[in-house]
Amino acid sequence: MSTQIEDRLTAALHARAELVQPEDLGHHIPPQPAPTPLWRRPAVVALVAAAAVVAVAVPVVLRSDHSGHQHPQPVDHAPTPTPTIKHRLTGDVDGDGKPDQIRVSGHTLTVTLAADPSHPLIKSDDKDLSGLAGLADVGTPGLGILTVENSAGKVGVNWGIVALRHGKLRTSVQEGNDSGTALASYPGLIFSWVTPAGVPMSGLLDPMQHGQRERAVKVTHYQARHGDLVGSSVGRWCWDVVTQRVPAPCPQGVTDAFDPGPHGSLPNLARTRGSDYGDSWVSGSTDLRIAKARPHVKSLFKQLYNVVGTIDGQQVSGPASYADPSLWQSFIDLGHGVRGLATNDESKSTWNLLAVTSSGLVPLAADDPGNGANGANYLHPGTMAAPLGGKLHRSDTWLGPDDQVFTRVENGDGAGHYRVYDWQVSDSSSTTLTPVDLGEVCMDDFQATYGTCS
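A brief report on the enclosed structure follows. Please read these numbers as outputs of a predicted model, since none were measured by experiment.

Summed over the entire model, instances satisfying the criterion amount to 2 disulfides. For C238, the disulfide goes to C250, at an S-S distance of 2.0 Å. The sign of the 100 degrees torsion about the S-S bond sets the C238-C250 disulfide as right-handed. Residue C238 is found in strand β16 (residues 228-240), and its partner C250 is found in the loop between β17 (248-249) and β18 (277-278); the two are separated by 12 residues along the sequence. C442 shares a disulfide with C453; S-S distance 2.2 Å. Between C442 and C453, the S-S dihedral sits near 120 degrees, and the bridge is therefore right-handed. Note that C442 is positioned in strand β32 (residues 433-444) and C453 in the segment after β33 (449-451), a separation of 11 residues in sequence. Assessed through its relative accessible area of 25%, C453 is described here as partly exposed.

What follows covers the packing of aromatic side chains. In this structure the tally under the stated criterion is 6 aromatic pairs. Consider the rings of F191 and W193, whose centres lie 5.1 Å apart with planes at 40 degrees: the pair is tilted. Of the two residues examined, F191 and W193, each falls in the buried class. With centroids separated by 5.5 Å and ring planes inclined at 35 degrees, the aromatic side chains of W328 and W351 adopt a geometry described as tilted.

Residue position: D228 is located in strand β16. With 67 residues separating them along the chain, D228 and I161 place their C-alpha atoms 8.0 Å apart. The contacts of D228, once residues within four sequence positions are left out, are V138, R165, S172, V173 and Q223.

Quick look at the pattern of salt bridges now. According to the stated counting rule, one finds 9 salt bridges in the structure shown. Between D396 and R408 there is a salt bridge, with the nearest N and O atoms lying 2.8 Å from each other. With a gap of 12 residues between them, D396 in strand β29 (residues 391-399) and R408 in strand β30 (residues 405-410) connect regions that are remote in the sequence. Among the salt bridges present, the one from R419 reaches D437, with a minimum N-O distance of 3.2 Å.

Considering the arrangement of structural elements, one finds D444 in strand β32. Of the residues examined, D444 reaches a relative accessible area of 1% and is grouped as buried. Spatially, the C-alpha atoms of D444 and Q209 are 9.7 Å apart, while their sequence positions differ by 235 residues. Setting aside its immediate chain neighbours within four residues, D444 contacts D206, M208, F258 and T449.

Time to look at the sheet that holds strand β4 (residues 100-105). Spatial strand order, β3-β4-β5-β6: 4 strands in an open sheet with antiparallel pairing. Among the strands making up the open sheet, the edge pair consists of β3 (88-91) and β6 (121-123). For this sheet the average axis-to-axis angle between neighbouring strands, irrespective of direction, equals 15 degrees. Relative to β6, strand β5 (residues 108-112) runs antiparallel, the two sharing 3 bridges. By the bridge assignment for β6, V111 is matched with L121.

What counts, and where the lines are drawn
Residues numbered from 1 in each chain as written. Predicted model: local features only at pLDDT ≥ 70, side-chain atom pairs only at ≥ 80, totals over all residues. Heavy atoms only, no water. Disulfide = S-S within 2.5 Å. Helix = DSSP H or I, 4+ residues; strand = E, 2+ residues; numbered from the N terminus. Buried < 20%, exposed > 50% of the residue type's maximum accessible area, 1.4 Å probe, protein only. Phe/Tyr/Trp six-rings, centres within 6.5 Å; stacked < 30°, edge-to-face > 60°. Contact = heavy atoms within 4.5 Å. Salt bridge = Lys/Arg side-chain N within 4 Å of Asp/Glu carboxyl O. Pairing = 2+ DSSP bridges. Axes fitted to C-alpha atoms, helices over the stretch in contact; angles between N-to-C directions.

Put into structure tokens, the structure is as follows:
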């Protein structure tokens with residue numbers, strides 16, 4: 001599995017930390033959180049192997065995932081289908097039309113071919129192997145073996161692929177798509193299955209809909225290519241987890257999308273801004289760059305750089321940030337008719353905002369109530385964690401479509417529930433930065449929607 005996929009799976013665990021077995025996820029905000037963005041995961045496997053070669057049925061048990069849950073859900077919540085991991089399967093692995101025996105014992109995979117039962121094939125080099133998910137067409141003469149790997153821990157499992165090639169059991173590869181959906185099983189987040197025609201499928205579920213009967217699913221199907229599986233998106237499907245074994249294309253006019261509530265008086269909070277930042281910005285009467293001369297301090301992380309250039313013909317200069325700062329290539333709206341600049345300093349998990357005034361660039365800083373006692377863990381643009389209700393909660397900052405800088409802080413009411421702040425100057429004097437509290441906001445990153453949670 002690619003690093004990108006595993007990073008996104010890790011991210012999803014954090015997004016669901018308030019919903020699914022906290023003792024398994026181990027989600028705790030550290031005193032100094034790493035400045036690495038996070039997000040991803042789901043559950044159920046209905047596996048039936050390729051009917052054209054041999055009929056193989058893999059039973060699936062639907063059970064509630066509430067067992068041992070620290071936060072019991074209401075009894076009317078829909079169960080999360082989860083797979084029964086198998087240790088024995090029967091299917092045509094070598095393509096001769098005869099059923100072969102597949103078995104996992106410990107971390108060893110053994111395949112006994114019907115054509116040569118006295119010489120079983122053994123593969124024992126996968127320390128994460130824990131079971132079997134099923135059989136599928138992977139482009140080899142016989143069926144490929146979908147294995148279960150517990151490297152992700154007891155919260156969920158990844159799927160591996162083993163195929164018989166040139167008389168030996170060899171590991172194949174699954175390549176994901178832009179959405180990063182992988183063949184895996186993570187309760188409530190990723191759901192994988194195999195169609196009756198032997199096509200592996202994977203669905204990424206909306207964590208905002210945890211426990212609901214009807215779910216929106218981003219679906220990927222995997223096709224065989226030279227013995228490997230390559231995923232491609234097939235779009236948004238719907239899934240009634242009570243009446244359907246697997247997701248299916250949505251009926252006309254139905255999306256099953258989560259409704260975060262109306263926008264109300266909220267500003268435009270869409271998180272769709274691209275990577276419009278860099279070392280310089282030239283547009284019209286604006287010509288700015290980050291002056292990155294050779295560092296003159298021992299540590300690069302203590303080297304302060306400046307943003308310099310001209311705005312409307314006026315020479316300006318102000319502190320950008322440390323290490324390797326980036327400059328947003330647009331003016332930001334700081335309220336009260338004040339324009340500003342923003343630089344992103346990932347080395348210190350902060351955004352630096354500067355007000356554009358008639359006298360030049362004025363650095364703006366948010367008040368630290370702890371005067372440095374909690375490090376970077378206080379409410380400011382770019383913070384990775386901020387206190388709310390006496391506890392630290394995960395936070396992140398973004399630039400909205402209308403050039404406003406927002407920070408959201410998870411409020412502990414479940415995935416997608418945040419306290420959102422709009423960073424503005426307190427008045428037209430442009431000297432004091434203030435977080436304007438927009439209240440509780442439901443933000444569904446899966447659907448790219450937001451609302452007042454009502």
